[in-house]
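Residues per chain, in single letters:
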Protein chains: 2
Amino acid sequence: MGQGRDISAAARIRDQLRDWIRAEGLRPGDRLPTEAELTARFGVSRPALREALKGMELDGMIAAQRGSGRYVAPAMAVQVERPITAFESVTEMLGRAGHRPQTRLLQAGRVPSPPDVAAALGLAEDSPVWRLEKLRLIEGQPLLYSLEYLPLALLPPDHPVFDWSGSLMALMQGLGLAPVMSRATVSAVGPPETQADLGSLGAGGPLLLVAETCFTAAGQAVIRSLIYHAGHQFSFSFARK
Amino acid sequence: MGQGRDISAAARIRDQLRDWIRAEGLRPGDRLPTEAELTARFGVSRPALREALKGMELDGMIAAQRGSGRYVAPAMAVQVERPITAFESVTEMLGRAGHRPQTRLLQAGRVPSPPDVAAALGLAEDSPVWRLEKLRLIEGQPLLYSLEYLPLALLPPDHPVFDWSGSLMALMQGLGLAPVMSRATVSAVGPPETQADLGSLGAGGPLLLVAETCFTAAGQAVIRSLIYHAGHQFSFSFARK
């Protein structure tokens, strides 16, 4: 229990310190403040700080030189601000970009799970799933088309009263099933197959498809989603090591 | 110096242990072998093993419970085998997929650096760069089109004797400038603008463009590349947390 707290404190300090290094514009070779300065700046204990620094050393973000302190390591040069590996909802992602999209709920309803969805969610084939089809628009222009599936068994029996046009993440959180991580693939595709009217989505060129299986903190698969991004409007960043 | 060795040993053990957990098919909640068993299995020292385990705890891959050992944590559920975040050459990537591609060198030559290339490589605009245009084919089918730029100043004066149709990574390694990491973006695009004959590339649909700036271990930007992947043949995986 105490140990669990230490680890999450160290992980939080590591993230804060990484963001601070970026915000300050520190470059590879620049010296970090002393442990005393860092504990004061972030209001943390020295053991938790040391765990965080050790973790950053392991990840190659900083380097320690005995007797002369710690330095920003070359690998910080490839850190990007919001990598494709950061888990966030579509609403969060668009909000960060300064967008307040409208959501058009195209369809919501119960279907037998398609084989790929069943496999991703660990369900028996044809198990009932709830299927959501949405379009997100900014100033009338369609930006994203999404297909989301969740196991029907996760929903309380009165699920039809939910507002399915709202944030699915928030809804799952309310059910105690907040997704916090995912396994995903990205590919380039043409327009999705659907009966729905997607307006000009895809007219601007190819789409970037992110196919994602979302898990709770306990490792339970709760959402399978296919998100088609208007290609000329989206790119995602990442570091490779 | 000694400390540097410890850290790289810990990082190597962490990677081995992660691969081993995957290869064994261990699932979240499964118990890890004891420290004694792990030091024996991987032939490593206990302090290095402990650093590695601590780093994995920080990254949420394993969890420790005082008095009862270490367990695979739920976040292992989202680990993927070769994530988009793994740095590797095109040749390595295709080789892993069992492909032995032919390389067709379309063009090689000195050009003034385009603004985006100059910015990525930290060069003054119009600085001379070496530009390589290549097509990779498998059984006659074009799979990838790539544009690669490197600062001319990095090359020895006799550079025209290089075999530019070979691996650029190997060539850079020979110059003591091996790229080991990168910052990249991925997007969906149509066919690239080029005078060259790309055959059927792009005929199968949209392309997945990875635009990448590659750095040496010392953090020096040495290659800027744009790689267009035949979209229907490629997808990349990653974990989000």
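Residues numbered from 1 in each chain as written. Chains lettered and ligands numbered in written order. Predicted model: local features only at pLDDT ≥ 70, side-chain atom pairs only at ≥ 80, totals over all residues. Heavy atoms only, no water.

Position of A:Arg110 among the secondary structure elements: in strand β3 (residues 102-112). Residue classification places A:Arg110 among the exposed residues on the basis of a relative accessible area of 59%. (Helix = DSSP H or I, 4+ residues; strand = E, 2+ residues; numbered from the N terminus. Buried < 20%, exposed > 50% of the residue type's maximum accessible area, 1.4 Å probe, protein only.)

Another point: the interface of chain B and chain A. Chain B puts 53 residues into the contact, and the matching count from chain A is 52 residues. Contact between chain B and chain A buries roughly 4,700 Å² in total, counting both sides, with carbon and sulfur atoms accounting for 58%. On the surface where chain B and chain A come into contact, there are six salt bridges. Across the salt bridge formed by B:Asp59 and A:Arg14, the nearest N and O atoms sit 2.7 Å from each other. Here chain B and chain A share 18 residue pairs in polar contact (both at pLDDT 80 or more) between them. Those elements giving two or more residues to the side of chain B that touches chain A turn out to be α1 (2-24), α3 (46-58), β6 (179-189), β7 (207-216) and β9 (236-240) of chain B. Ranked by residue count, the leading element in the side of chain B that touches chain A is β6(B), at 10 residues. Of the residues belonging to the side of chain B that touches chain A, the class tally is 31 nonpolar, 12 polar and 10 charged. Pairing of strand β6 (residues 179-189) of chain A with β9(B), which is carried by five bridges, proceeds in the antiparallel orientation. (Contact = heavy atoms within 4.5 Å. Buried area = accessible area lost by both parts, 1.4 Å probe. Salt bridge = Lys/Arg side-chain N within 4 Å of Asp/Glu carboxyl O. Polar contact = N/O pair within 3.5 Å; in protein donor to acceptor, adjacent residues only side chain to side chain. Nonpolar A, V, L, I, M, F, W, Y, C, P; charged D, E, K, R; others polar. Pairing = 2+ DSSP bridges.)

Glancing now at the UniProt feature "domain: HTH gntR-type" (unreviewed entry) in chain A. Following the UniProt record, the feature "domain: HTH gntR-type" (unreviewed entry) maps to residues 7-75 of chain A here. With 55% helix and 12% strand, residues 7-75 of chain A has end C-alpha atoms that lie 23 Å from one another. (UniProt positions renumbered as here; feature names shortened; annotations may be inferred.)

Note on the copies: chain B fits chain A at an RMSD of 0.1 Å, the axial shift is 0.0 Å, and the rotation between them is 180 degrees. Taken together, these values place the two copies in the relation of a two-fold axis. Interface residue correspondence from chain B to chain A reaches 98%, placing this contact among same-surface, isologous pairings. (Least-squares fit on C-alpha atoms with pLDDT ≥ 70 in both.)

Residue and element names in this part refer to chain A. End to end, helix α3 (residues 46-58) covers 18 Å across 13 residues, agreeing with the expected 18 Å (1.5 Å per residue, within 8%). Every buried residue of α3 is accounted for by Ala48, Leu49, Ala52, Leu53, Gly55, Met56, Glu57 and Leu58. The N-cap of α3, judged by a side-chain oxygen 3.2 Å from the amide nitrogen of alanine 48 a few residues on, is serine 45. Directly after α3, the chain includes glycine 60, whose backbone phi takes a positive value near 75 degrees. (Expected span 1.5 Å × (residues − 1).)

Moving on, we get to the sheet that holds strand β8 (residues 221-230) of chain B. Here seven strands make up an open sheet; going across it, the order is β9(A)-β6(B)-β7(B)-β8(B)-β5(B)-β4(B)-β3(B) and the pairing antiparallel. Whereas interior strands pair on both sides, the edge strands pair on one side only; in this sheet they are β9 (236-240) of chain A together with β3 (102-112) of chain B. Taking each pair of neighbouring strands and ignoring which way they run, the sheet shows an average axis angle of 15 degrees. (Axes fitted to C-alpha atoms, helices over the stretch in contact; angles between N-to-C directions.)

Moving on to the sheet that holds strand β8 (residues 221-230) of chain A. Sheets are built from strands that pair by backbone hydrogen bonding, the pairs being arranged parallel or antiparallel. Across the sheet, seven strands lie side by side as β3(A)-β4(A)-β5(A)-β8(A)-β7(A)-β6(A)-β9(B); this open sheet has antiparallel pairing. The two strands at the open ends of the sheet, each matched to only one other strand, are β3 of chain A together with β9 of chain B. Geometrically, the sheet is characterised by an average inter-axis angle of 15 degrees between neighbouring strands, direction not taken into account. When strand β7 (residues 207-216) of chain A meets β8(A), the two strands line up antiparallel, connected through nine bridges. Bridge pairing links A:Thr213 to A:Arg224 in β8(A).

Let us now look at the packing of α3(A) against α3(B). Between two packed helices, both the angle of their axes relative to each other and the distance between the axes serve to describe the pair. Remark: α3(A) packs on α3(B), axes separated minimally by 9 Å, with the N-to-C direction vectors making an angle of 100 degrees. Comparing the axis directions of α3(A) and α3(B) gives the class roughly perpendicular. Between α3(A), through A:Glu51, A:Lys54, A:Gly55 and A:Leu58, and α3(B), the contact on the second element is made entirely by B:Glu51, B:Ala52, B:Lys54, B:Gly55 and B:Leu58. Of the residues assigned to the contact of α3(A) with α3(B), the class counts are three nonpolar, two polar and four charged. (Parallel < 35°, antiparallel > 145°, perpendicular 65-115°, else oblique.)

Domain annotation of chain A identifies domain 1 (2-77) and domain 2 (90-233). The distance between the C-alpha centroids of domain 1 of chain A and domain 2 of chain A comes to 36 Å. (Domains from an automatic or database assignment.)

All names here are of chain A. Within the secondary structure, arginine 224 sits in strand β8. Despite its burial, arginine 224 pairs with no opposite charge; the closest candidate is aspartate 116, at 5.1 Å N-O. Polar contacts involving the side chain of arginine 224 include one to the side chain of threonine 213, which spans 2.9 Å. (Lys, Arg positive; Asp, Glu negative; His and termini not counted.)

The backbone of A:Asp126 shows a phi angle near 70 degrees, a positive value even though the residue is not glycine. On the secondary structure map, A:Asp126 appears in the loop between α5 (115-121) and β4 (128-138).

Below, the discussion takes up the packing of helix α2 (residues 35-42) of chain A against α3(A). Residues and elements named next belong to chain A. Closest axis-to-axis distance for the α2/α3 pair is 10 Å, and the angle between their directions is 105 degrees. As far as their axial angle goes, α3 and α2 are roughly perpendicular. Residue-level contacts link Glu35, Ala36, Leu38 and Thr39 of α2 to Arg46, Leu49, Arg50 and Leu53 of α3. Taken together, the residues that form the contact of α2 with α3 break down as four nonpolar, one polar and three charged.

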